[in-house]
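# Observations on the three-dimensional arrangement
Each chain is listed here by its residues.
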Amino acid sequence: VAQPAAGGATPAASDTIVLGEVGSLTGAQATFGVSTRNGVDLAIKEANAAGGVKGKKLKVIVYDDQGKPEEAAQAVTRLITQDKVVLILGEVASSNSLAMAEKAQAAGVPMITPSSTNPSVTEKGEYIFRVCFIDPFQGFVMAKFAREHLKADRVAILQDNKSAYSIGLTDVFTQKFAEMGGKIVTTQSYSQGDTNFRAQLTAIKKEKPQAIYVPGYYNDVGIIARQAREMGVTVPLMGGDGWDSEKLYELAGNALDGSYFSNHYSPSNPDPKVQKFISDYKAAYGGVPDALAALGYDAAKVAIAALERAQDTSGPAVRDAIAQTKDFPGVAGNITLDQNRNAVKSAAILKIGNGKTEFVTTINP
Ligand code: PHE
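A short tour of the structure in this document, coming up. (Residues numbered from 1 in each chain as written. Predicted model: local features only at pLDDT ≥ 70, side-chain atom pairs only at ≥ 80, totals over all residues. Heavy atoms only, no water.)

Under the defined criterion, the tally for this structure stands at 13 aromatic pairs. An aromatic cluster of at least three residues, connected via ring pairs, comprises Phe32, Tyr165, Tyr217 and Tyr218. Over the aromatic face of Tyr63 sits the side chain of Arg78, whose NZ or CZ is 4.4 Å from the ring centroid. (Phe/Tyr/Trp six-rings, centres within 6.5 Å; stacked < 30°, edge-to-face > 60°. Lys NZ or Arg CZ within 6 Å of the ring centre and 35° of its normal.)

Not every one of the 13 residues close to the ligand is listed here, only the nearest: Ser94, Ser115, Thr117, Tyr217 and Asp241. Between Ser94 and the ligand, the recorded distance is 2.5 Å, taken from a side-chain N or O atom to an oxygen atom. At a separation of 2.7 Å, a nitrogen atom of the ligand approaches a polar side-chain atom of Asp241. Compared with its free state, where it exposes 320 Å², the ligand has 100% of that area covered by protein. Split into classes, the residues belonging to the shell around the ligand amount to six nonpolar, six polar and one charged. (Near = heavy atom within 4 Å. Polar contact = N/O pair within 3.5 Å; in protein donor to acceptor, adjacent residues only side chain to side chain. Areas by Shrake-Rupley, 256 points an atom, 1.4 Å probe, with all protein chains shown as cover. Nonpolar A, V, L, I, M, F, W, Y, C, P; charged D, E, K, R; others polar.)

What follows concerns the pattern of salt bridges. One pass over the full model with this rule turns up twelve salt bridges. With a closest N to O distance of 3.7 Å, Glu230 and Arg198 form a salt bridge. You can see Glu230 sitting in helix H7 (residues 218–230) and its partner Arg198 sitting in helix H6 (residues 198–206), a full 32 residues away along the chain. With relative accessibility at 54%, the residue Glu230 sits in the exposed group. Residue Arg198 is classed as partly exposed on the basis of its relative accessible area, which comes to 37%. Here the salt bridges do not stand alone but share partners, grouping Glu21, Arg37, Asp41 and Lys45 into one network. (Salt bridge = Lys/Arg side-chain N within 4 Å of Asp/Glu carboxyl O. Helix = DSSP H or I, 4+ residues; strand = E, 2+ residues; numbered from the N terminus. Buried < 20%, exposed > 50% of the residue type's maximum accessible area, 1.4 Å probe, protein only.)

For helix H11 (residues 315–323), every residue scored as buried is listed here: Gly315, Ala317, Val318, Arg319, Ala321 and Ile322. For H11, the secondary structure elements touched by its buried residues are strand E4 (111–113), strand E5 (128–130) and helix H10 (291–309). (Contact = heavy atoms within 4.5 Å.)

Interaxial distance between helix H4 (residues 135–148) and helix H5 (residues 164–179) falls to 8 Å at its minimum, and their mutual angle equals 45°. Regarding the angle of H4 to H5, the classification is oblique. As for how H4 packs across H5, the hand of that crossing is right-handed. For the pair formed by H4 and H5, the contact residues are Asp135, Pro136, Gln138, Gly139, Phe140, Met142, Ala143, Ala146 and Arg147 on the first element and Tyr165, Leu169, Val172, Phe173, Lys176 and Phe177 on the second. Looking at the contact of H4 with H5 residue by residue, the classes come out as ten nonpolar, two polar and three charged. (Axes fitted to C-alpha atoms, helices over the stretch in contact; angles between N-to-C directions. Parallel < 35°, antiparallel > 145°, perpendicular 65-115°, else oblique. Left-handed = near helix turned anticlockwise from the far one by under 90°.)

Note that Ala347 resides in strand E13 (residues 347–353). Looking at Ala347, the relative accessible area reads 2%, which means it is buried. With 290 residues separating them in the primary sequence, Ala347 and Lys57 have C-alpha atoms 34 Å apart. Those residues in contact with Ala347, other than ones at most four positions away along the chain, are Phe133, Phe137, Val141, Asn263, Thr361, Thr362 and Ile363.

Time to look at the pairing of strand E10 (residues 260–263). Side chains Tyr260 and Ser262 project from E10 onto one buried face, and the interleaved Phe261 and Asn263 project onto a second face that is buried too. Taken together, the two bridges between strand E9 (residues 237–239) and E10 define a ladder with parallel strand orientation. Across the sheet, Gly239 pairs through a bridge with Phe261, a residue of E10. In the sheet, E10 pairs with E13 via four bridges, with the strands oriented antiparallel. For Phe261, the partnering residue across the bridge sits in E13 and is Leu350. (Pairing = 2+ DSSP bridges.)

Okay, H10 next. Look at H10: 27 Å from first C-alpha to last across 19 residues, which is about the 27 Å you get at 1.5 Å a residue. Put simply, Asp290 is the residue that caps the front of H10, since its side-chain oxygen is 3.2 Å from the backbone nitrogen of Leu292. (Expected span 1.5 Å × (residues − 1).)

Before going further, it helps to spend a moment on the side chain of Arg130. For Arg130, the position within the fold is in strand E5. Buried within the structure, Arg130 lacks any salt-bridge partner; its nearest side chain of opposite charge belongs to Glu123, at an N-O separation of 6.5 Å. Separated by 2.9 Å, the side chain of Arg130 and the backbone oxygen of Asn118 make a polar contact. Here Arg130 is in contact with Ile112, Thr113, Ser116, Thr117, Asn118, Pro119, Val121, Thr122, Leu337, Arg341, Asn342 and Ala343, once residues within four sequence places are set aside. (Lys, Arg positive; Asp, Glu negative; His and termini not counted.)

Put into structure tokens, the structure is as follows:
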């Protein structure tokens, strides 16, 4: 772990506190960045309407990384050296957060990823936090669901070998499913952005699995599902949070009906604070917020609360304040950060039908 230089803002005479955000506002996973942006924006607007933080208004400088790790790293460098932000929010995709965390840690500027679940992100150092669960839990959740709910003995995996997230989930699922007495009949790979998955699906079909675990991002999964059905593969597909996007259903049509994925939040949660968030979000941006929007909102809220508590806006003071986050009532669950700067939270399992998700169950850590 690199030792950071004292970072954060130079205490200038200013009436604003400047935060940074990096996300995929364009590119193959654009809904990730756009939803997160909306969630962050809502939280910042609420805070400013309530008077800001420490008597100052909050401002967020946002850079689009097009979903690319190199761009994400450059954006963080710009936020730190040029914009002098006190804290950075982002990214969604773990591979992009890993590239950012390296830079933020080295500069001693706190970073909170709303939704990156790969364990190595926060292992980059004591300045890096997340407000979501990690993949060892998410992989366990789906393995348990496959064994206990789907009663599957034989499962195939189709992983994205360009994504730290997908590789991590594959490893955990493989291990847990075997521990629970199941068998992984084959593990096939693709690279994100591929458009023809028929060779891998042929190899999978031959093994006659009872379900297929596809821990990828929605843009690839939608095409995979369609091709699988065209080839007569009818078993349920299972996935993780990376499936969560309205676009998934546009791409897949009905091909994912009867499939399942694990996620951070369910919009059908009757909790009044969740329902208020959903109606405020709808009014401001249109559409039901997905998990990215919920976690973006929660990450910004945790940041705002920490800034409020911090002695000043220097890197070390803000870092310490974030680390003390305890029982914070997020719309995607309560947030307590553990000593590894991860949130310990439950996961929801959602079932897809008619281009919509239906809540199935919650699995607690
Ligand atoms: N957890 C995913 C990753 O680490 C990102 C993601 C989170 C995608 C939530 C969709 C919803 O790469």
